[in-house]
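Architecture at a glance
For reference, the chains in residue letters:
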Amino acid sequence: MHVAVIGGTGGLGAHVVSELLNRGHQVRVVSRSAPDLMRANLTHRTADLSTGVGLDAAFDNIDTVVDAVNSQKQATAVLVDGLRRVLDAEVRAGVGHHVEISIVGCDRIPIGYYRAKVEQEKVLAAGPVPWTLLRATQFHSFVDAPLAAAAKYRISPHSRAQFQPIDVGEVAARLADAVDTGPSNRVPDIGGPTVYSLTELAEIRRAHHDGHMLAVHIPLPGKAGRAMREGAACLDDTGRRVGSTYEQWLADATLDAATR
Ligand SMILES: NC(=O)c1ccc[n+]([C@@H]2O[C@H](COP(=O)([O-])OP(=O)(O)OC[C@H]3O[C@@H](n4cnc5c(N)ncnc54)[C@H](OP(=O)(O)O)[C@@H]3O)[C@@H](O)[C@H]2O)c1
């Protein structure tokens, strides 16, 4: 199949590209900058979702589009208005399936970026292209990044906010499954095997790196903070728990860094 991955250079997108290439698909990355490494059966087209420039040339001869674009700073312009531009371009190009990724609990946690993700889901569901939507919990690398940044200052951030981090590779594999299966609308949410508080994640990291750190309580005020403490970012009973724990991921990431 000919598959375009918008945002195919990003944290999730690069894994989706590898997964699709390994399954024998012809893959086209669509993003503002080209991938660092080009491989057999991989091409690149430049496009900017915030303006629509490049989108008309991006999807010619493409069967399915996977959307792994992200923008925290321009969430509405890129994720919501950008998706409208993408779907219009897909109709003009005759694309038959659009695969979208969203976030577990985005409709239960009232922060600006999550509101944009909910809007993005609505644009997809009301749009003209047959679709599949997968919601995933936060990636291990995403929850680890602020802990790593704080650790540089010997700070261990503590909070009762709940997370259920997942391997990004598992998310990429489910998106590739969606490509192979065809339009399925909303599919079951996925998340990692274990729910942790931020305090537990920070303590696992501190113990792993055997560091002496100052525990600093992070206040998470308002409705969003309460929702996070109540586990709104974690799976409910219908979700699927997959992949490695944060402890396993941390051990693998440390080994990777040491052998690089
Ligand atoms: N991070 C998490 O924990 C998590 C959890 C669940 C779901 N998700 C979802 O997964 C998706 C990908 O997230 P990520 O963390 O992998 O993102 P990321 O690493 O920040 O990658 C973003 C990608 O979007 C492209 N991009 C950004 N602005 C663009 C624009 N204006 N036009 C075209 N391409 C643009 C970037 O390439 P260029 O800069 O070269 O254009 C890059 O390839 C998002 O929908 C996010 O909500 C993330």
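Small disclaimer: the values here were computed from a predicted structure and weren't measured.

**Describing the overall build of the protein chain**
Scanning the protein chain for helices and strands turns up 9 helices and 13 strands. Over its C-alpha trace the protein chain gives a radius of gyration of 19 Å, about what one expects of a compact globule, namely 18 Å for 260 residues. If one aligns the C-alpha atoms of the protein chain with their principal axes, the spans along those axes are about 55 × 45 × 35 Å. Residue pairs in contact within the protein chain that sit at least 24 positions apart in sequence constitute 78% of those at least 6 positions apart. Just so you have it, the protein chain exposes about 12500 Å², and 52% of that area is on carbon and sulfur atoms.

**Description of the site of the ligand**
Within the structure, the ligand sits among 26 residues, and Thr 9, Leu 12, Ser 33, Tyr 113 and Lys 117 are positioned closest to it. Contacts to the ligand include Gly 11, whose backbone N or O atom sits 2.8 Å from an oxygen atom. Look at the ligand: alone it shows 900 Å² of surface, and the protein chains cover 86% of it. Of all the secondary-structure elements, those providing two or more residues to the shell around the ligand are α1 (11–22), β5 (97–103) and α4 (112–126). At 3 residues, the largest contribution of residues to the shell around the ligand is made by β5.

**Some points on the side chain of Glu 90**
Relative to the helices and strands, Glu 90 resides in helix α3 (residues 75–93). Buried within the structure, Glu 90 lacks any salt-bridge partner; Arg 92 is the closest side chain of opposite charge, at an N-O distance of 11 Å. Polar side-chain contacts of Glu 90 include one of 2.7 Å to the side chain of His 98.

**A closer look at the side chain of Thr 245**
Following the sequence through the fold, Thr 245 ends up in the loop between β13 (240–241) and α9 (246–259). Excluding residues within four positions of it along the chain, Thr 245 makes contact with His 140, Pro 193, Thr 194 and Tyr 196.

**A few points about the pairing of strand β1 (residues 2–6)**
Of all 5 residues in β1, 4 are buried, a share of seventy percent or more. Relative to strand β2 (residues 26–31), β1 is paired through 5 bridges, and the arrangement is parallel. Its bridge partner being in β2, His 2 is matched across the sheet by Gln 26. The parallel pair β1 and β2 is bridged by α1, and the resulting crossover is right-handed. One ladder, built from 4 bridges, connects β1 with strand β4 (residues 64–67); its direction is parallel. Looking at the pairing, Ile 6 lines up with Asp 67 of β4.

**Some details on helix α6 (residues 168–181)**
In a regular helix each residue adds 1.5 Å, so 14 residues correspond to 20 Å; α6 covers 20 Å between its end C-alpha atoms and thus fits that length. Within α6, burial applies to Val 168, Val 171, Ala 172, Ala 173, Leu 175, Ala 176, Ala 178 and Val 179.

**A few points about unusual backbone geometry**
The phi torsion at Asn 61 lies on the positive side, around 65 degrees, for a residue other than glycine. For Asn 61, the position within the fold is in the loop between α2 (55–58) and β4.

**As for the UniProt feature "domain: NAD(P)-binding" (unreviewed entry) in the protein chain**
According to UniProt, the feature "domain: NAD(P)-binding" (unreviewed entry) maps to residues 7–176 in the numbering used here. Between the C-alpha atoms that bound residues 7–176 there is a distance of 15 Å. The span itself is 42% helix and 20% strand.

**A closer look at empty space enclosed by the protein**
Inspection of the entire model under this criterion finds 1 cavity of 30 Å³ or more. Estimated volume of the largest cavity: approximately 40 Å³. Secondary-structure elements contributing two or more residues to the lining of the largest cavity are α5 (140–151), β7 (155–158) and α7 (198–209). Residue classes in the lining of the largest cavity are distributed as 6 nonpolar, 1 polar and 2 charged.

**Some details on the packing of aromatic side chains**
All chains considered together, the criterion is met by 3 aromatic pairs. Judged by centre distance (6.1 Å) and plane angle (20 degrees), the rings of Tyr 246 and Trp 249 are stacked. With Tyr 246 and Trp 249 both in helix α9, this residue pair falls 3 residues apart, about one helical turn. Owing to a relative accessible area of 19%, Trp 249 belongs among the buried residues under this scheme. Clustering of aromatic rings is evident, with ring pairs tying together Tyr 196, Tyr 246 and Trp 249.

**Some thoughts on the state of the cysteines**
Taken as a whole and judged by the stated rule, the model has 0 disulfides. No disulfide involves Cys 106; its nearest neighbouring cysteine sulfur is the one of Cys 234, lying 14 Å away. Judged by relative accessible area, which is 5%, Cys 234 ranks as buried.

About the criteria used
The residue numbers shown here count from 1 along each chain, following its written sequence. Selection of residues for local features in this predicted model requires a pLDDT of at least 70, selection of side-chain atom pairs for listing and counting requires 80 or more, and totals for whole chains, interfaces and linings are taken over all residues. To get the side-chain values, all heavy atoms of the structure are used, and hydrogens and water are removed first. Here a helix means four or more residues in a row that DSSP labels H or I, a strand means two or more in a row labelled E, and each is numbered from the N terminus. Radius of gyration here uses only the C-alpha atoms, and the compact-globule reference equals 2.2 Å multiplied by the residue count raised to the power 0.38. By definition, residues are in contact when any of their heavy atoms lie within 4.5 Å. For every accessible area listed, the method is Shrake-Rupley and the probe measures 1.4 Å; residues are considered covered only by the protein chains on display. We define proximity as follows: a residue is near a molecule or strand when any one of its heavy atoms falls within 4 Å of that partner. By the criterion applied in these results, polar contacts are pairs of N or O atoms within 3.5 Å in which, for protein atoms, one can donate a hydrogen and the other can accept it, and in which residues neighboring in sequence qualify only through two side-chain atoms. Type-normalised accessible area, obtained with a 1.4 Å probe on protein chains alone, sets the label of each residue: buried when under 20%, exposed when over 50%, and partly exposed for intermediate values. Neither His nor the chain ends is counted toward charge; the positive residues are Lys and Arg and the negative residues Asp and Glu. A side-chain nitrogen of Lys or Arg and a carboxyl oxygen of Asp or Glu constitute a salt bridge if their distance falls within 4 Å. Here, strands pair whenever DSSP counts at least two bridges between them. Crossover handedness is defined here as right-handed if the route from the first strand over the helix to the second strand goes clockwise, with the strands pointing away from the viewer. A helix's residues, less one, multiplied by 1.5 Å, set its expected span. UniProt positions are given in the numbering used here, feature names are shortened, and annotations may be inferred rather than shown by experiment. Cavity and pocket criteria rest on a 1 Å grid covering protein atoms alone: a 1.4 Å probe that fits but cannot get out defines a cavity, protein on both sides within 12 Å along at least 5 of 7 lines defines an open pocket, and an atom within 4 Å of a point defines a lining residue. Grid points are joined across faces, edges and corners, and a volume is the space filled by probe spheres set on the points. Polar here means any residue other than Ala, Val, Leu, Ile, Met, Phe, Trp, Tyr, Cys and Pro, which are nonpolar, and Asp, Glu, Lys and Arg, which are charged; Gly is therefore polar. For this analysis, a ring pair means two rings from Phe, Tyr or Trp (six-membered ring only for Trp) whose centres lie within 6.5 Å, classed as stacked if their planes differ by under 30 degrees, edge-to-face if by over 60, and tilted for the remaining angles. Cysteine sulfur atoms that come within 2.5 Å of each other are treated as a disulfide pair.

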